[in-house]
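The primary structure of each chain is shown beneath.
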Amino acid sequence: MPEQNGNAVQHRLSAEGADHLLLAGVNDAHLLELSRVCGCRVVLRDDHLLLSGSMEGVEKLVPVAQHMIDLARGGSAFSSDDIVRFVDMARTRDGTLARVGEGSRIILPGAKRAVAAKSEGQREYLDAMEENDIVVGIGPAGTGKTYLAVAMAVDALAKKRVKRIILARPAVEAGENLGFLPGDLQDKVDPYLRPLYDALEDMMTIERMRRALDTRQIEIAPLAYMRGRTLHDAFVILDEAQNATAAQMKMFLTRLGLNSRAVITGDKTQIDLPRREDSGLLQIETVLQGIDGISFVYMQSADVIRHKLVKDIIRAYAAAAGEPEEGSQQS
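Computed from a predicted structure; not experimentally measured.

Let us now look at the overall build of the protein chain. Across its full length, the protein chain carries 11 helices and 12 strands. Residue burial in the protein chain is summarised as follows: out of 331 residues, 50% are buried. Summarising the internal contacts of the protein chain: among those between residues at least 6 apart in sequence, 70% fall at separations of at least 24. For the protein chain, the exposed area adds up to about 16100 Å²; of that, 50% sits on carbon and sulfur atoms.

Have a look at this one:
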């Protein structure tokens, strides 16, 4: 229970077993950031974390501080930017922080680092991909929709759950400009597929990735290349799905063959089609809801893992347009 001293209260949390350097950060950087964000005093003394401030401030601070202690006990490092995200998660998800970082981790052979959920929304997304044949991940830029989907695909390939990975993207941004770009057709569309290559390069050695691309164990192609194919034993990802038309989306979904899984990612605020209502992503929200084996995961600005200003930019644009925050619908 918090101890009250005048208008201020103090709450004591046990930090026994936690790595003090991971918890406090270099020169107490983590504690200082937590104090700055929450407007409370945070002190690590012996094996206790002391939180001091207003009753309301301390109550909001407790789940965040406890989450940091749990991570430090488990040997999981985090940054000052992560602390800002933890606070946002506690505010937007009713203080639900306990499961983030628990089990939601993918260890890939040859990868630079383990891929782990860094927010509650990311954990829900990873769980959905583990449990469903088709997952639709919807949310703003920077929430890790594509990156985590590629990680799950590489993991499934490494564990021989599938025989190949198919990564597809609509190239609608190119429009008529394709003809003005140098090179053959593949050279013209490669710039629009570059984010998929970037994700792969972060999870595989260059040699392994090139070998997989050469043998077509991994295929990266514009969505139009999927027409007329049946994809067996494959992990298929459709990225930037907000720019797939309704007809293209139906074509993509009906390509799935035996032992195949699909992940569809998109951001409804970045539709580049001439008419917004033509987006296949918007259509499947209505058409496919409630089908067993298909899961919709909605991420929020609190799940943004990029520079800490990105989530503020997303919120500012939404407010200026008079729109609700992207991902506010839950399923």
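Don't stop here, the text continues.
Another aspect to go through is the pairing of strand 9 (residues 218-222). A large share of strand 9 lies buried, amounting to 5 of its 5 residues. For strand 8 (residues 164-169) and strand 9, the ladder comprises 5 bridges, and the chain directions are parallel. If you follow isoleucine 165 over to strand 9, its bridge partner there is isoleucine 218.

The end-to-end C-alpha distance of helix 5 (residues 120-131), which contains 12 residues, comes to 17 Å, matching closely the 16 Å that a straight helix rising 1.5 Å per residue would cover. Those residues of helix 5 that sit buried are Glu120, Gly121, Gln122, Arg123, Tyr125, Leu126, Ala128 and Met129.

This paragraph deals with the nonpolar core. Residues Tyr125, Met129 and Leu200 are the most contacted members of the largest nonpolar core, which totals 37 residues. Secondary-structure elements contributing two or more residues to this core are helix 5, helix 6 (145-158), strand 8, helix 7 (185-201), helix 8 (206-214), strand 9 and strand 10 (234-238). Among the elements that line this core, the one with the most residues is helix 6, at 9 residues. Counting 30 residues, the second largest nonpolar core, distinct from the first, contains Val9, Ala15, Ile69 and Met89.

This part takes up the packing of aromatic side chains. According to the stated counting rule, one finds 1 aromatic pair in the structure shown. Ring plane angle 65° and centroid distance 6.0 Å describe the contact between phenylalanine 78 and phenylalanine 86, whose orientation is recorded as edge-to-face. Judged by its relative accessible area of 9%, phenylalanine 78 falls in the buried class. Residue class for phenylalanine 86 comes out buried when judged on its relative accessible area of 3%.

Residues other than glycine seldom take positive phi values, yet aspartate 46 does so here, at roughly 55°. The residue aspartate 46 is located in the loop between strand 3 (41-45) and strand 4 (48-53) in this model.

Moving on, we get to the sheet that holds strand 12 (residues 294-298). The strand order across the open sheet formed by 6 strands is 9-8-10-11-7-12, and the pairing between neighbours is parallel. Both outer strands of the open sheet, strand 9 and strand 12, are each paired with one neighbouring strand and no more. Between one strand axis and the next, the sheet turns by 15° as a mean value, whatever way the strands run. By the bridge criterion, 5 bridges tie strand 8 to strand 10 in an arrangement that is parallel. Paired with arginine 164 across the bridge in strand 10 is alanine 234.

With that settled, consider the pattern of salt bridges. Between side chains of opposite charge, pairing is possible as soon as their charged atoms come close. Evaluation of the coordinates by the stated rule reveals 13 salt bridges. With a closest N to O distance of 2.7 Å, arginine 123 and aspartate 127 form a salt bridge. Taken together, the positions of arginine 123 and aspartate 127, both in helix 5 and 4 residues apart, correspond to about one turn of that helix. Arginine 123 sits in the buried class, given a relative accessible area of 7%. Among the ionic pairs, arginine 169 bridges to aspartate 239, the shortest N-O distance being 2.8 Å. With a gap of 70 residues between them, arginine 169 in strand 8 and aspartate 239 in the loop between strand 10 and helix 9 (246-253) connect regions that are remote in the sequence. Here arginine 169 and aspartate 239 have matching classes, each one buried.

Rules and cut-offs
- Residues numbered from 1 in each chain as written.
- Predicted model: local features only at pLDDT ≥ 70, side-chain atom pairs only at ≥ 80, totals over all residues.
- Heavy atoms only, no water.
- Helix = DSSP H or I, 4+ residues; strand = E, 2+ residues; numbered from the N terminus.
- Buried < 20%, exposed > 50% of the residue type's maximum accessible area, 1.4 Å probe, protein only.
- Contact = heavy atoms within 4.5 Å.
- Areas by Shrake-Rupley, 256 points an atom, 1.4 Å probe, with all protein chains shown as cover.
- Pairing = 2+ DSSP bridges.
- Expected span 1.5 Å × (residues − 1).
- Core = buried A, V, L, I, M, F, W, Y, C linked by side-chain atoms within 4.5 Å.
- Phe/Tyr/Trp six-rings, centres within 6.5 Å; stacked < 30°, edge-to-face > 60°.
- Axes fitted to C-alpha atoms, helices over the stretch in contact; angles between N-to-C directions.
- Salt bridge = Lys/Arg side-chain N within 4 Å of Asp/Glu carboxyl O.

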